[in-house]
Amino acid sequence: MSAEARINERIRVPEVRLIGPEGEQVGVVRTDDARKVAYEADLDLVEVAPNAKPPVAKIMDYGKFKYEQAQKARESKKNQQQTVVKEQKLRPKIDDHDYETKKGNVVRFLEKGSKVKVTIMFRGREQSRPELGFRLLERLANDVEEYGVVEAKPKQDGRNMTMVLGPVRKGKK
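From a predicted model like this one, the values you see are computed outputs, not experimental measurements.

Calculation rules
- Residues numbered from 1 in each chain as written.
- Predicted model: local features only at pLDDT ≥ 70, side-chain atom pairs only at ≥ 80, totals over all residues.
- Heavy atoms only, no water.
- Helix = DSSP H or I, 4+ residues; strand = E, 2+ residues; numbered from the N terminus.
- Rg over C-alpha atoms; globule rule 2.2 N^0.38 Å.
- Buried < 20%, exposed > 50% of the residue type's maximum accessible area, 1.4 Å probe, protein only.
- Contact = heavy atoms within 4.5 Å.
- Lys, Arg positive; Asp, Glu negative; His and termini not counted.
- Charge placed at Lys NZ, Arg CZ, Asp CG, Glu CD.
- UniProt positions renumbered as here; feature names shortened; annotations may be inferred.
- Phe/Tyr/Trp six-rings, centres within 6.5 Å; stacked < 30°, edge-to-face > 60°.
- Lys NZ or Arg CZ within 6 Å of the ring centre and 35° of its normal.

**Section: the overall build of the protein chain**
Alright, step 1. Regarding its fold elements, the protein chain presents 4 helices and 8 strands.
Alright, step 2. In terms of overall size, the protein chain is more extended than a compact globule, its C-alpha atoms giving a radius of gyration of 30 Å where 173 residues would be expected to give roughly 16 Å.
Alright, step 3. Seen along its three principal axes, the alpha-carbon backbone of the protein chain occupies a region of about 80 × 35 × 20 Å.
Alright, step 4. The 173 residues of the protein chain split such that 31% are buried.
Alright, step 5. A fraction of 55% describes how many contacts in the protein chain between residues 6 or more apart in sequence connect residues 24 or more apart.
Alright, step 6. Across the protein chain, the 37 positively charged side chains and the 28 negatively charged ones have centroids separated by 7 Å.

**Examining the UniProt feature "domain: Translation initiation factor 3 N-terminal" (unreviewed entry) in the protein chain**
Alright, step 1. Using the residue numbers shown here, the UniProt feature "domain: Translation initiation factor 3 N-terminal" (unreviewed entry) corresponds to residues 7-75.
Alright, step 2. Structurally, residues 7-75 is divided into 35% helix and 32% strand, and its ends, taken at the C-alpha atoms, are 26 Å apart.

**Some words on the packing of aromatic side chains**
Alright, step 1. Counted by the stated rule, this structure contains 1 aromatic pair.
Alright, step 2. Between Y62 and F65, the aromatic rings sit 6.2 Å apart at their centres with planes inclined by 35 degrees, giving tilted as the arrangement. A residue pair is termed a helical-turn pair when its members lie 3 or 4 positions apart in one helix, as Y62 and F65 do in helix α2 (residues 62-78) at 3 residues.
Alright, step 3. Across from the ring centre of Y99, 3.8 Å away, lies the NZ or CZ of R139, which sits over that ring.

What follows is the structure in structure tokens.
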């Protein structure tokens with residue numbers, strides 16, 4: 001069905017296949033006659049299948065129909081899960097206390113169910129020693145393995161090395 005269905009006077013075709021208010025098939029009728037039947041029942045004539053030959057129109061309460069459609073859309077939106085990617089940035093020469101703080105942040109993000117992108121930024125001569133960053137990311141992955149799993153292995157792209165951690169799913173325990 002299109003985003004906005006045509007109703008009542010907006011239906012411009014000469015005849016429609018009519019479905020009654022109870023869902024019964026009435027048959028192919030002139031559009032004016034179908035509109036009169038809908039007005040007598042104090043309902044709307046709504047075009048539900050405009051591409052059919054002839055188009056299918058149903059007699060229904062259009063306001064109630066739109067409300068139910070909005071409720072279904074809201075319900076399906078509620079069941080979708082939003083994935084949030086948090087980012088934590090490190091440097092290759094990080095102090096132990098700073099590392100523990102950053103690791104705590106990563107653990108907190110993973111416990112909340114977010115994915116974490118860990119980025120190590122290299123500057124100057126540090127770029128010639130990517131193994132330092134690789135070892136740091138491996139150490140972090142081992143330290144947080146009970147909270148998260150590595151979804152994307154560490155990889156170098158320019159001055160940065162990145163790794164993505166995802167939360168451990170509770171269903172596996």
